[in-house]
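# Structural overview
Listed below, chain by chain, are the residues.
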Amino acid sequence: MKNFLKGILMLLVCVLVFSSCRTEDDEVINPPEDESITADSTIANLLRNIATRDGSIDNIIDNANCFTIELPVTVIANGTEIVVSTTDDYAVIESIFDASDDDTDTLEIIFPVTVIFSDYTTQVVNSYPELLALIANCSGENESDDDIECIDIQYPITVSVFDANNELIETIIITSDEELYGFIQNLPNYEAVTIEFPITVILSDGNVVEVNTIDELVAIIQDSSDDCDEDDDNDYDDDDCNNCSTDQLSDVLTNCPSWFIDKLERNDEDLEDNFTGYNFVFETDGSLTVTNNGTTFSGTYESSGEANNITVVINVPNLPEVNDTWNLHEIEINNETKVDLRLGDDRLRFECGTGGNNDDDCNTCTTEMLTDILTNCPLFFIDKLERNDEDLEDSYTSYDFSFSTDGSIAVTSSDGNFSGTWNASGTGSNITVVINVVGLPDVNDSWNLHELETSNPSEVKVDLRLGDDRLRFESDCDSTGGGNDDVTTALTAPGSVWIVGSYSEDNDDQTSDYTGYEFVFTLDGVVNVQGAETSTGIWSSLNSGNDLLLDFGPEAPLEELNDDDWDVLSVTANEIQLRDISGGNGGTDLLTFTKL
């Protein structure tokens, strides 16, 4: 009996000792079910999508939505070297691109670079072809993706991790999207996880909201996921009105006494010259008065919306080219005040002032200045030719004009060679340019020199007028016809025959359209094409071999390759890779010539 009682007593002592030795961390805690997160649950997937790294923020550099380039990175934008150290420096590139609307924007990346993918993994990229291969794996512009950019978590947040016995084993403080993404990916390794409430979220409009339960968090994320433009496109210009308002627009329009049309493009046709001398006056009551040479037009304007979603309705009877429901793209207030309206690829830009009449654009011009420009640039092409209200420049896409100091003109084209003369006389805005080329009656006349544009050496222009008729020559003064650079050396190497190795438009592979086509490039700027039938085109290496002009005429499918600013991405003896990014919608075309 004594032994039995002694055993009972010993058992009680052991129980008491065991109980008194448990630490607080070993206590069983039942995680609150309304604060628990499990792998692949709705809340886990939503939090992962919020934390996913946004790849579109640097599309002005890489045109890719599924990764970013690690900073710092060095780029060359329109010839200017920039070290991009922070995301604010993307605006520096944009400002360089926006400096002129009449040039071709180019950007060169200095390799190697490191790219950071949406899951925060990285890869070193050593060349542009390697980068293009990665870009091809990304979704296209504005295509649906998983990342949520319209709501953010305000860090830090705290989560608790429990083991299978519901014992608290770890408390984790998360301070960034990258840490949250990694934590969500590791959820399958945990038995139970809770999130500590309240937490704070930031909506796309800047409002801050306190959330107290999992259900509330799910609801607000789902409700907010589509509340903003995620800007998953390559149009770096489409957010220029983030801070615009209808009140600001009204103040700008009505405080300027007169406006003229600086830019008007409709259906790929430039129409601003049709409105030379037209002055627009916007009144606070929504009325709009337009005057031109004693004629007055009356109409209305109205704006609504906010930020990048402001619409401007213009209605002026008898001026259909300006009438539409436009989108406010940008208000520019610098040395020149401008209001830029867009509608798809169409564009209407007003500038404050009475500069619509440009008869004084050549006040300081001289015949010596004109001669220097025409004879120092090796080749000119016709950028604009209008005769009797008919646009004729497309008839001269393969024609190159060479002006000599002795007054002679040599013209080469796929239609043959022509020769003629030119002569300039007068001063200032009264300079007359006489052109006479046998066989080219459309260009022959006694023209008035309207303007010389020389600010951009890659786009030197000589603008001639005669009443409503117009002839504008353009030259890349770095061009030497075929050229003297790597791309010219490769294309014109003896015995070289090239095929289209690949061609795509916005990730749409169209390579098969060019099966059977062979291309032979000659030093005189002609391309001989053998396909379904024999044809010829023209080519020219521009900007010291950084750009390539191709023109095969209007016949399909070759006309798809026509462009005056293909970017030369890489050149080897057997392969040439080209890219073109359109100015209207930011679409990307990729063309590779492969040597047979």
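Below you will find a few notes about this structure. (Residues numbered from 1 in each chain as written. Predicted model: local features only at pLDDT ≥ 70, side-chain atom pairs only at ≥ 80, totals over all residues. Heavy atoms only, no water.)

### Considerations on the overall build of the chain
What counts, and what does not: Each helix is a run of H or I in the DSSP string that is no shorter than four residues. Each strand is a run of E no shorter than two, and both are numbered from the N terminus. Three exposure classes are used, based on accessible area relative to the maximum for each residue type with a 1.4 Å probe and protein chains only: buried under 20%, partly exposed in between, and exposed over 50%. Contact definition: two residues touch when any of their heavy atoms are within 4.5 Å. Accessibility throughout is a Shrake-Rupley quantity obtained with a 1.4 Å probe, and a residue counts as covered only by protein chains that appear here.
Broken down by element type, the chain carries 10 helices and 40 strands. For the chain, the proportion of its 596 residues judged to be buried stands at 45%. Considering only contacts within the chain whose residues lie at least 6 apart along the sequence, 50% involve residues at least 24 apart. Total accessible area on the chain is roughly 29700 Å²; 44% of this is exposed by carbon and sulfur atoms.

### Some thoughts on a negative patch on the surface
Condition: Within the patch definition used here, like charges are joined within 9 Å and nonpolar side chains (Val, Leu, Ile, Met, Phe, Trp, Tyr) within 5 Å, considering only residues with over 30% relative accessible area and no salt bridge. Salt bridge, as used here, is a side-chain nitrogen of Lys or Arg placed within 4 Å of a carboxyl oxygen of Asp or Glu. Positive charges are assigned to Lys and Arg, negative charges to Asp and Glu, while His and the chain termini are left out of the count. To locate a charge, take NZ of a lysine, CZ of an arginine, CG of an aspartate or CD of a glutamate.
Taken together, Asp-506, Asp-508, Asp-509, Asp-513 and Glu-560 make up a surface patch of like negative charges. Residue placement: Glu-560 occurs in the loop between β37 (547-551) and β38 (563-571). The class for Glu-560 is partly exposed, based on a relative accessible area of 32%.

### With respect to the pairing of strand β17 (residues 287-292)
Quick reminder of the rule: Between any two strands, pairing holds if DSSP finds at least two bridges.
By the alternation rule, side chains of β17 split into Leu-288, Val-290 and Asn-292, which are all buried, and Ser-287, Thr-289 and Thr-291, of which none is buried. Where strand β16 (residues 279-282) and β17 come together, 4 bridges link them in antiparallel fashion. Bridged to Phe-280 within β17 is Val-290. Between β16 and β17, which follow one another and run antiparallel, lie 4 residues, and Gly-286 among them has a positive phi close to 90°.

### Some thoughts on empty space enclosed by the protein
Test applied: Note on definitions: the grid is 1 Å and covers protein atoms alone; a cavity is a set of points where a 1.4 Å probe fits but cannot get out; a pocket is an open set with protein on both sides within 12 Å along at least five of seven lines; lining residues have an atom within 4 Å of a point. Grid points are joined across faces, edges and corners, and a volume is the space filled by probe spheres set on the points.
One pass over the full model with this rule turns up 1 cavity of 30 Å³ or more. Approximately 40 Å³ is the volume found for the largest cavity. Lining the largest cavity are Leu-249, Leu-253, Phe-282, Val-312, Ile-314, Val-339, Leu-341 and Phe-350. At the level of elements, α8 (246-255), β19 (311-315) and β21 (337-343) are the ones that each hand at least two residues to the lining of the largest cavity.

### A closer look at the side chain of Lys-384
By the secondary structure assignment, Lys-384 is in strand β23 (residues 381-387). Apart from residues no more than four positions distant in its own chain, Lys-384 is found in contact with Asp-270, Asp-391, Glu-393, Arg-470, Leu-471 and Arg-472.

### Overview of the packing of aromatic side chains
Note the following rule: Centres within 6.5 Å make a pair out of two Phe, Tyr or Trp rings, where for Trp the six-membered ring is used; the pair is then stacked when the planes are under 30 degrees apart, edge-to-face when over 60, and tilted otherwise.
By the definition in use, this model includes 23 aromatic pairs. With 5.1 Å between their ring centres and 85° between their planes, Phe-282 and Tyr-301 make a pair best called edge-to-face. You can see Phe-282 sitting in strand β16 and its partner Tyr-301 sitting in strand β18 (residues 295-304), a full 19 residues away along the chain. Phe-282 gets classed as buried once you look at its relative accessible area, which sits at 3%. Here Tyr-301 falls in the buried class, since its relative accessible area comes to 10%. The interplanar angle of 25° and the centroid separation of 5.9 Å between the aromatic rings of Tyr-399 and Phe-418 together place this pair among those described as stacked. With Tyr-399 in the loop between β24 (390-391) and β25 (400-403) and Phe-418 in strand β27 (residues 416-425), this residue pair connects regions lying 19 residues apart in the sequence. Accessibility classification places Tyr-399 together with Phe-418 in one group, the buried group.

### So, the packing of helix α2 (residues 42-51) against helix α7 (residues 214-224)
Heads up, the condition is: Lines fitted to C-alpha atoms define the axes here, with helix axes fitted over just the stretch in contact, and angles between the N-to-C directions of these axes take values from 0 to 180 degrees. Should an angle lie under 35 degrees it is considered roughly parallel, over 145 roughly antiparallel, and from 65 to 115 roughly perpendicular; all remaining angles are considered oblique. By the definition used in this description, the sense in which the near helix is turned from the far one sets the handedness, with an anticlockwise turn below a right angle giving left-handed and a clockwise turn giving right-handed. Each residue receives one of three labels: charged for Asp, Glu, Lys and Arg, nonpolar for Ala, Val, Leu, Ile, Met, Phe, Trp, Tyr, Cys and Pro, and polar for the others, Gly being one of them.
Following both chains from N to C, one finds α2 and α7 inclined at 50°, their axes separated by 10 Å at the closest point. Considering the angle they form, α2 stands oblique to α7. Crossing of α2 against α7: the hand is left-handed. Seen from α2, the contacting residues are Thr-42, Ile-43, Leu-46, Leu-47 and Ile-50; seen from α7, they are Ile-214, Leu-217, Val-218, Ile-221 and Gln-222. Of the residues that constitute the contact of α2 with α7, the class distribution is 8 nonpolar, 2 polar and no charged.

### Considering the state of the cysteines
Think of a disulfide as a covalent bridge from one cysteine sulfur atom to another cysteine sulfur atom. Basically, it comes down to this: For this text, the term disulfide refers to a pair of cysteine sulfurs within 2.5 Å.
Here the structure, examined in full by the defined rule, presents 2 disulfides. The disulfide partner of Cys-66 is Cys-138, and the gap between their sulfur atoms is 1.9 Å. The disulfide joining Cys-66 to Cys-138 has a torsion of about -60° about its S-S bond and is therefore left-handed. Linking Cys-66 in the loop between α3 (59-62) and β2 (67-69) with Cys-138 in the loop between α5 (128-135) and β8 (151-154), this pair joins segments that are 72 residues apart in sequence.

### Looking at the sheet that holds strand β10 (residues 168-174)
One open sheet accounts for 4 strands, arranged β1-β11-β9-β10; its pairing is antiparallel. Only two strands of the sheet have a single neighbouring strand rather than two, namely β1 (36-37) and β10. Sheet analysis places strand β9 (residues 157-162) next to β10, joined by 6 bridges and oriented antiparallel. Within β10, the residue paired with Phe-162 across the bridge is Leu-168.

### Structural notes on the environment of Phe-381
Take Phe-381: it is sitting in strand β23. Taking the C-alpha atoms as reference, Phe-381 lies 8.1 Å from Ser-398; in sequence the two are 17 residues apart.

### Regarding the environment of Ser-139
You can see Ser-139 is positioned in the loop between α5 and β8. Measuring from C-alpha to C-alpha, the distance between Ser-139 and Cys-66 comes to 7.2 Å, with 73 residues separating the pair along the chain.

### A closer look at the sheet that holds strand β4 (residues 80-84)
Note on sheets: strands pair through backbone hydrogen bonds, and any given pair is parallel or antiparallel. Pairing in this open sheet of 3 strands is antiparallel, and the strands run β4-β3-β5 from one edge to the other. The sheet is open, and its two borders are formed by β4 and β5 (107-109), each paired with just one other strand. Here the strands of the sheet are splayed against their neighbours by 25° on average, with no regard to which way each runs. Pairing geometry for strand β3 (residues 73-77) and β5, over 3 bridges, is antiparallel. Among the inter-strand pairings, Ile-76 is bridged to a residue of β5, identified as Glu-108. Sheet contacts for helix α4 (residues 90-98): β3, β4 and β5; angle to β4, the most-contacted strand, approximately 160°.

### Focus on the pattern of salt bridges
Per the stated rule, a full pass over the model turns up 19 salt bridges. Asp-262 is the salt-bridge partner of Arg-349, the closest N and O atoms lying 2.4 Å from each other. Of this pair, Arg-349 sits in strand β22 (residues 346-352) while Asp-262 is found in strand β14 (residues 259-266), placing the two residues 87 residues apart along the sequence. Using a relative accessible area of 8% as the deciding quantity, one classes Arg-349 as buried. Notably, a salt bridge pairs Glu-393 with Lys-384, separated by 3.9 Å at the nearest N-O pair. Per residue, the accessibility class of Glu-393 equals that of Lys-384, and both read buried. Here the salt bridges share partners, and the residues they tie into one network are Asp-262, Lys-338, Arg-349 and Glu-351.

### So, the pairing of strand β12 (residues 199-203)
Where burial is concerned, most of β12 is hidden: 4 out of the 5 residues are buried. Across 4 bridges, β8 lies against β12 in antiparallel orientation. Counterpart to Ile-153 in the pairing with β12 is Val-201. Sheet topology places β12 next to strand β13 (residues 208-211); 4 bridges connect them, and they run antiparallel. The residue of β13 that forms the bridge with Val-201 is Val-209. Connecting the antiparallel pair β12 and β13 is a turn made up of 4 residues, with Gly-206 showing a positive phi of about 95°.

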